[in-house]
Amino acid sequence: MHTTSSAATPTGGRIALALAAVYVIWGSTYLAIRFALEGGFPPFLLGGIRFLIAGSLMYAVLRWRGMRSPTRAQWGNALVLGILLMLLGNGMVNLAEQTVSSGLAAVAVASAPLWMGVFSAMRGDRPTRREWIGLGIGFLGVLWLNAGSSLAATPMGMIALLVATLAWSFGSIWSRGRDLAPPFMNAAAQMLCGGAAMVVAGLVTGERLHALPTPHALGAFAYLVVFGSWFGFTAYIWLLHHVRPALAGSYAYVNPAIAVALGAWLAGERFGRHELVAMGVILLGVVAITFAKAAKGKPA
């Protein structure tokens, strides 16, 4: 992948910090999305305005610090990724959360690492046997959490989540080897392109902000901009540059545990022993993936 970032091998501490950001922060964004939607934000305008603000401020700061703007080719790739990750990925999650609980939305998206493994294998970068075992364990935990759980869903919501998961997984793998700007500038470019695409999609489908969202919704929106976009998304883009797809995608196995716990605590979403055991299996899958990465003897 073409970047101007340091050629030095990233330290284990940096990788751990980036993983913590996508594990914990992204697990909490599902509930923040629900609060923002309940408080008056339409789904596509929620994401579009969020990413335009986050991307614009990040781009301005990076340019002020002397970083070059992406080339025309890099802007083109950022547009493709913005459509896949932002419009189809985040946008469909927002759409689904109008009828699907935040915990179940995270559970459905947890299949992303498996799809990433499939798309990666189609490009010739096959996961190792141990990574497949870890992915399989994690997916079993996801199935367990979903089977017979008290989380409610609707057919249209689940279709939207399937589209979101496939688009996000394909985009994550498609990005590898492309001519992209350095990680942080790339994240800013993707948010700008994806945010613009989401605003257009929202306006075309008739979305409007007819009144100022509630203070609760505005607080959730601010959290999504600062933590979900600046910290969480940029950490994920950095991971895609530096670690194997199986490890970069392992966030999807931890996010359901955090999302379900926060949904039960702050939003009254039901949650019991069934979910606890399943989330333990999910975390076991993440551990297996991490050990597989270490056993391969590579920094990623």
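Draft legend 1. Local environment of the packing of aromatic side chains. The full count for this structure, using the stated rule, is ten aromatic pairs. Taking 6.1 Å as the distance between ring centres and 50° as the angle between the ring planes, the aromatic pair formed by Tyr 59 and Trp 75 counts as tilted. Residue Tyr 59 is located in helix α2 (residues 43–64), and its partner Trp 75 is located in helix α3 (residues 72–96); the two are separated by 16 residues in the primary sequence. Judged by its relative accessible area of 26%, Trp 75 falls in the partly exposed class.

Draft legend 2. Layout of empty space enclosed by the protein. Scanning the model with the defined rule gives two cavities of 30 Å³ or more in all. Taken as a whole, the largest cavity encloses approximately 280 Å³ of empty space. In terms of lining, the largest cavity is formed by 18 residues, of which the most central are Trp 26, Tyr 30, Asn 90, Val 93 and Trp 168. Contributing elements (two or more residues each) for the lining of the largest cavity: α1 (12–38), α2, α3, α7 (155–174), α9 (215–242) and α11 (251–266). Broken down by class, the residue content of the lining of the largest cavity amounts to eleven nonpolar, six polar and one charged. Empty space within the second largest cavity amounts to approximately 50 Å³. Forming the walls of the second largest cavity are twelve residues, and the residues nearest its centre are Ser 175, Asn 186, Gln 190, Ile 237 and Leu 240. Looking at the lining of the second largest cavity, the elements with two or more residues in it are α3, α7, α8 (183–204) and α9. The element contributing the most residues to the lining of the second largest cavity is α9, with three residues. For the lining of the second largest cavity, the per-class residue count stands at six nonpolar, six polar and no charged.

About the thresholds
- Residues numbered from 1 in each chain as written.
- Predicted model: local features only at pLDDT ≥ 70, side-chain atom pairs only at ≥ 80, totals over all residues.
- Heavy atoms only, no water.
- Phe/Tyr/Trp six-rings, centres within 6.5 Å; stacked < 30°, edge-to-face > 60°.
- Helix = DSSP H or I, 4+ residues; strand = E, 2+ residues; numbered from the N terminus.
- Buried < 20%, exposed > 50% of the residue type's maximum accessible area, 1.4 Å probe, protein only.
- 1 Å grid on protein atoms, 1.4 Å probe; cavity = no way out; pocket = protein on both sides within 12 Å on 5 of 7 lines; lining within 4 Å.
- Points joined across faces, edges and corners; volume = space filled by probe spheres on them.
- Nonpolar A, V, L, I, M, F, W, Y, C, P; charged D, E, K, R; others polar.

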